[in-house]
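Coordinates in review
This is what each chain is made of:
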Amino acid sequence: MMRGSTLAEGFAIMTMLATLFPLICYFAYNLTIPLVERHRPSLSVIMSMERRRWVANAARRESPFDAILSGNIMSSVSFMASTSALLALAVFAVFGQLPSLMSALETISLERVYTVHEVVIHLIVMLSMFVLAFFSFTLSLRQFNHFCIMLGALDQEGRPSEEEIEAVARLNSLGAQNFNSGIRAYYFSVATVAWFAAEWLSIVACLVTIGILVHREFFSTAHRLAASAAVLASRKHRAAGE
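Notes on the structure follow. (Residues numbered from 1 in each chain as written. Predicted model: local features only at pLDDT ≥ 70, side-chain atom pairs only at ≥ 80, totals over all residues. Heavy atoms only, no water.)

The number of helices and strands found in the protein is eight helices and zero strands. When the helices and strands of the protein are listed from N to C terminus, the series reads α-α-α-α-α-α-α-α. Judged by the C-alpha coordinates and their principal axes, the protein covers about 80 × 35 × 25 Å. Per-residue burial for the protein yields a buried fraction of 38% across its 242 residues. Put simply, 83% of the contacts in the protein that link residues at least 6 apart link residues at least 24 apart. Accessible area for the protein stands at about 14000 Å²; split by element, carbon and sulfur atoms hold 68% of it. Here the protein holds 18 positive side-chain charges and 17 negative ones, and the gap between their average locations is 7 Å. (Helix = DSSP H or I, 4+ residues; strand = E, 2+ residues; numbered from the N terminus. Buried < 20%, exposed > 50% of the residue type's maximum accessible area, 1.4 Å probe, protein only. Contact = heavy atoms within 4.5 Å. Areas by Shrake-Rupley, 256 points an atom, 1.4 Å probe, with all protein chains shown as cover. Lys, Arg positive; Asp, Glu negative; His and termini not counted. Charge placed at Lys NZ, Arg CZ, Asp CG, Glu CD.)

The following block contains the structure:
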């Protein structure tokens, strides 16, 4: 009897860990990556340098080109924010269909059938992931909106100061950081879906997601190409200054 009780407690702890693991990985990744970037520039860091070049060049242009680029960015962010809201509402609606969900889980679960209490907690975690994504995307949209205003406010008749260019580019980078945070919430939400099949599958999905994100940020072809472009632009700038 005691052995059965201990085994049940072990399953409960494992289930809770697997449920919370995607959320823990999401926050841990967002906190750890900035520390790694101090030693090795990520793709996001390199693109922040390119954003500064964009603002510096936009200050000398008299064309709608930069407005078109900004509009395209804001459209993408707006779409992702709307999708996050719909997904959050969809998960919230599942709370009213728990009997049907429990029946469906009996057919797709690889190991054991979860209790209603465990499923409710997991749905709350899923809802939290999409709510976090929604807030990240809406904050990003707001920051890109401010970026457009500040970009349009630059004085093209007189060359803007380095401080002005840096401030506008930094605002653009903040918008990109929050957009990336929302995208990461989407990535880790895949692991919350894997949980319904098996607890261990959720943990494996989180670890695979971290590996994919790290590869894309630090070792991908896009990283190498962006770094090469940044180096060439830096050399060109130095040669022009000399």
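Further notes follow.
The tally for this structure, following the rule as stated, stands at three salt bridges. For the salt bridge of Arg53 with Glu50, the shortest nitrogen-to-oxygen distance reads 2.7 Å. On the criterion of helical spacing, the pair formed by Arg53 and Glu50 is a turn pair, its members being three residues apart in helix α2 (residues 43-58). Look at the salt bridges and you will find they share partners, linking Arg52, Glu162 and Glu166 into a network. (Salt bridge = Lys/Arg side-chain N within 4 Å of Asp/Glu carboxyl O.)

Turning our attention to the side chain of Ser220. By the element assignment, Ser220 lies in the loop between α7 (199-219) and α8 (221-241). For Ser220, the side chain forms a polar contact with the main-chain oxygen of Arg216, separated by 2.8 Å. (Polar contact = N/O pair within 3.5 Å; in protein donor to acceptor, adjacent residues only side chain to side chain.)

Turning our attention to the state of the cysteines. Going through the model one piece at a time under the given rule, you end up with zero disulfides. Not engaged in a disulfide, the cysteine Cys25 finds its nearest cysteine sulfur in Cys206; these two sulfurs lie 4.3 Å apart. A residue is classified by how much of its surface remains accessible, and Cys206, at 0% relative accessible area, is buried. (Disulfide = S-S within 2.5 Å.)

In this section: the environment of Pro22. In this fold, Pro22 is placed in helix α1 (residues 2-37). In contact with Pro22, other than residues within four places in its own chain, are Met129, Phe188, Ala191, Thr192, Ser202 and Cys206.

Quick look at a nonpolar patch on the surface now. A cluster of nonpolar residues, Trp200, Val204, Val208 and Ile212, forms a patch on the protein surface that exposes about 340 Å² of accessible area. In this structure, Val208 sits in helix α7. (Patch = residues over 30% accessible without salt bridge, like charges linked within 9 Å, V, L, I, M, F, W, Y side chains within 5 Å.)

Val119, Leu123, Phe137 and Phe188 are the most contacted members of the largest nonpolar core, which has 38 residues in total. Mapped by element, the contributors of at least two residues to this core are α1, α3 (65-94), α4 (98-108), α5 (116-153), α6 (162-194) and α7. Sort the elements by how many residues they give to this core and α5 lands first, with nine residues. Residue contacts for Phe137: discarding those within four places in its chain leaves Val77, Met80, Ala81, Ser84, Phe179, Gly182, Ile183 and Tyr186. Counting 12 residues, the second-largest nonpolar core is a separate cluster that includes Trp54, Val55, Ala58 and Leu171. (Core = buried A, V, L, I, M, F, W, Y, C linked by side-chain atoms within 4.5 Å.)

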